[in-house]
Amino acid sequence: AAMASDKISIHGAWASRWVFILAATGSAVGLGNIWKFPYMTGVYGGGAFVVMYLFCIALVGVPIMLAETLIGRRGRQSPVNAMKSLAIETGASRHWSLAALMGMVAALLILSFYSVVAGWSLDYILGMGRGDFTGISADGAGAAFGGLTSDPWRLTLWHSLFMLVTAFVIAKGVVAGLERSLRIMMPLLFVLLLVLLGYSFTTGHFREGFDFLFHFDPSKVQDGILAAMGHAFFTLSVGVGSIMVYGAYMPKKASIGATVLTVGLLDTLVALTAGMALFPIVFAAGLEPGGGPGLMFVTLPIAFGNIAFGQVMGLVFFVLVAVAAWSSSISMLEPAVAYFVEKTGGSRVKVTAVLALFCWLIGMGTVLSFNLWAEAKFFVFAEDGFHLLQWGAEGGKTFFDSIDYLTSRILLPLGGLSFALFAGWVLSRDAVREELAIRSPLLFNLALWLIRVVAPIGVLIVFIAELSK
Ligand code: PHE
Ligand code: NA
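Each chain carries its own residue numbering, running from 1 in the written order of its sequence. The order in which chains are written sets their letters, starting at A; the order in which ligands are written sets their numbers, starting at 1. Per-residue local features of the predicted model are confined to residues with pLDDT of at least 70, and side-chain atom pairs are confined, for both listing and counting, to 80 or more; whole-chain, interface and lining totals are unaffected and use all residues. Hydrogens and water molecules were not included; the side-chain quantities draw on all heavy atoms of the structure.

Draft legend 1. Quick peek at the coordination of the sodium ion (ligand 2). Here the coordinating atoms are restricted to nitrogen, oxygen and sulfur within 2.8 Å of the metal centre, or 3.2 Å for Na, K and Ca, and because water is not among them the sites may look incomplete. In the first shell of the sodium ion (ligand 2), the protein supplies Ala28 (O), Asn33 (OD1), Thr235 (O), Thr235 (OG1) and Asp267 (OD), at 2.1 to 2.5 Å from the metal. Each of the six donor atoms around the sodium ion (ligand 2) contributes to a set of angles spanning 80 to 169°, which defines the coordination as octahedral. In primary sequence terms, the donor set of the sodium ion (ligand 2) follows A-x4-N-x201-T-x31-D. Taken together, the residues span a long stretch of sequence, with asparagine 33 in helix α2 (residues 31–43) and aspartate 267 in helix α13 (residues 256–284) at a distance of 234 residues. Accessibility here uses a 1.4 Å probe with only protein chains present; expressed as a share of the type maximum, an area under 20% marks a residue as buried, one over 50% as exposed, and anything in between as partly exposed. The class of asparagine 33 is buried, set by a relative accessible area of 0%. Its relative accessible area of 0% is what places aspartate 267 among the buried residues. The rule is simple: four donors are tetrahedral if all their angles sit between 85 and 135 degrees, four are square planar and six octahedral if opposite donors span more than 155 degrees and the others lie between 65 and 115, and anything that fits none of that is irregular. Helical segments are the DSSP runs of H or I of at least four residues, strand segments are the runs of E of at least two, and each set is numbered from the N terminus.

Structure (structure tokens):
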């Protein structure tokens, strides 16, 4: 009789486990590493955030990545249907699939703002190509970024273009299209990061940047802990089903354990390199590390504008940022596309078009949150009570901040928690053993224990810590 893992997904399968590593790394390494990690480290005060983040990666993020990959490979369908069929097979409630449904929605919400930010990098490709940043000052770089974000039309143009490119690849099918370009682009991205790192050495502020990144101040731990947990999920692409759907396309004879560890390490390496490259530039330019989402788009042009061959390197760098974002954005769309193709039997092209349009529309909220809607604040807790939306309120969050908060802080951790519980407690021990294919019994037990106990408790502790703040 055929074992469950012999089935093949109707959407195709990767040629080898290396393609899974490539695709999963392509999903993981993205704006989260180069754009979000440095600015969040800045906002949450440096080292304490970084240490919390590393703990969350190792004890929660990677185990959940294991869980997702093995659920996907055993289920061989879109995350929703994989969980549904596995639940039915094991006699558990089919409602477990609601976790995958929630993840699917979260991935679409992430795509909506991710596309806008990726669009910024497209604008910077043009700017670098034109030489706009040659010899630019810190003030000039700040003004250039402000000029971009305050212009809704320019933002809409790039957002639309990026969404179109994402939809294009997904419509053609992930399996065939991406492999070759990623093989070249990912290493190149890493080399350029190293070049930037080299430049930041020459700023004379390397030590300051390093201290900021790694100086541990225990008094600041509670402040950023939920942010660190949320970012660990975001950066590893876990909690939404992206890794699960890629797992569904994985060949049956591949050790999930080693594969997932590789992806987790690469992602962490890129984030730390980006941080070490950026912060010395921030300090050398006299900028605020807590400057928020604009950090990378203000500091990098300063660096590229003032080094030899900076124009060319800057151009290549922003191309690679866009590519890194693009290899991530497709993985946000794939779970939903796979699901609706399975559900409706409709064409992949049509399903993709409808879903991309939906994400594009929500993304317009993010576009406007930087200009016309900058004063529209959601989730306002004021003295006179709670307001879902209040114009010009002191507290509260812009549309962009709200979607970011809802996904990273709430939906991703909840999704990840459910995936870990499902893999650890609903699937049989033998099923997990067969999928993980970790030979050493000791390592297998460690992995199982992390999935069953440590990761779920980690998520819960962080939620409780946040509530009791
Ligand atoms: N991991 C990606 C990044 O760091 C973002 C992402 C989140 C991708 C969720 C897929 C799903 O940029
Ligand atoms: Na990442």
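From this point, things continue past the structure.
Draft legend 2. Fine view of the environment of alanine 171. Inspection of the secondary structure assignment puts alanine 171 in helix α7 (residues 152–172). Separated by 154 residues in the primary sequence, alanine 171 and arginine 17 place their C-alpha atoms 23 Å from one another. Residue contacts for alanine 171: discarding those within four places in its chain leaves Arg348, Val349 and Thr352. Residues are treated as being in contact if the distance between any of their heavy atoms lies within 4.5 Å.

Draft legend 3. Quick look at the nonpolar core. Only buried residues count toward a nonpolar core. Its members are Ala, Val, Leu, Ile, Met, Phe, Trp, Tyr and Cys residues joined through side-chain atoms within 4.5 Å. Counting 166 residues, the largest nonpolar core has Trp35, Ile71, Trp120, Met296, Phe297, Phe317 and Leu436 as the members making the most contacts within it. In contact with isoleucine 71, not counting residues within four places along its chain, are Ala82, Met83, Leu86, Met244, Phe419, Phe422, Ala423 and Leu427.

Draft legend 4. Fine view of the packing of α2 against helix α17 (residues 399–426). Relative to each other, α2 and α17 sit at 95°, their axes nearing to 15 Å. Here α17 runs roughly perpendicular to α2, going by the angle between their axes. Residues Trp35, Lys36 and Tyr39 of α2 form the contact with α17, whose own contacting residues are Phe400, Asp404 and Ser408. In this classification, the charged set is Asp, Glu, Lys and Arg, the nonpolar set is Ala, Val, Leu, Ile, Met, Phe, Trp, Tyr, Cys and Pro, and all remaining amino acids, among them Gly, are polar. Within the contact of α2 with α17, the residues separate by chemical class into three nonpolar, one polar and two charged. Simply put, an axis is a line fit to the C-alpha atoms, just over the touching stretch for a helix, and the angle between two N-to-C directions goes from 0 to 180 degrees. With respect to orientation, any angle under 35 degrees is reported as roughly parallel, any angle over 145 as roughly antiparallel, any angle of 65 to 115 as roughly perpendicular, and every other angle as oblique.

Draft legend 5. View of unusual backbone geometry. Positioned with a positive phi, serine 237 is a non-glycine residue whose angle comes to about 60°. Looking at where serine 237 falls in the secondary structure, it is placed in the loop between α11 (221–236) and α12 (242–248). By relative accessible area, serine 237 is classed as buried at 10%. The backbone of alanine 437 shows a phi angle near 50°, a positive value even though the residue is not glycine. Relative to the assigned elements, alanine 437 resides in the loop between α18 (429–436) and α19 (441–467). Take alanine 437: its relative accessible area is 39%, and that puts it in the partly exposed class.

Draft legend 6. Broad picture of the site of ligand 1. Residues in contact with ligand 1 amount to 16 residues; listed here are only the nearest, Ala28, Gly32, Tyr114, Phe234 and Ser237. Any pair of N or O atoms that falls within 3.5 Å is considered a polar contact. Within protein, one atom must be able to donate a hydrogen and the other to accept it, and sequence-neighbouring residues count only if both atoms are side-chain atoms. Glycine 32 is positioned with one of its backbone polar atoms (N or O) 2.8 Å from an oxygen atom of ligand 1. The contact in question runs from an oxygen atom of ligand 1 to an N or O atom on the side chain of tyrosine 114, over 2.5 Å. For ligand 1, whose unbound accessible area comes to 330 Å², protein coverage reaches 100%. Judged by the proximity of its atoms to the pocket grid, ligand 1 belongs to the largest cavity. Here the shell around ligand 1 is composed, by residue class, of seven nonpolar, nine polar and no charged. Nearness here has a simple test: a residue counts as near a molecule or strand if at least one of its heavy atoms is within 4 Å of that partner. Using the Shrake-Rupley algorithm and a 1.4 Å probe, accessible areas are obtained, with residue cover drawn only from the displayed protein chains. Here the term cavity refers to a set of points on a 1 Å grid, laid over the protein atoms alone, in which a 1.4 Å probe fits but cannot get out; the term pocket refers to an open set having protein on both sides within 12 Å along at least five of seven lines, with lining residues being those that place an atom within 4 Å of a point. To decide whether a molecule occupies a pocket or cavity, check its atoms: if more than half lie within 2 Å of the grid points, it is inside.

These results come straight from atomic positions and should not be treated as a statement about function.
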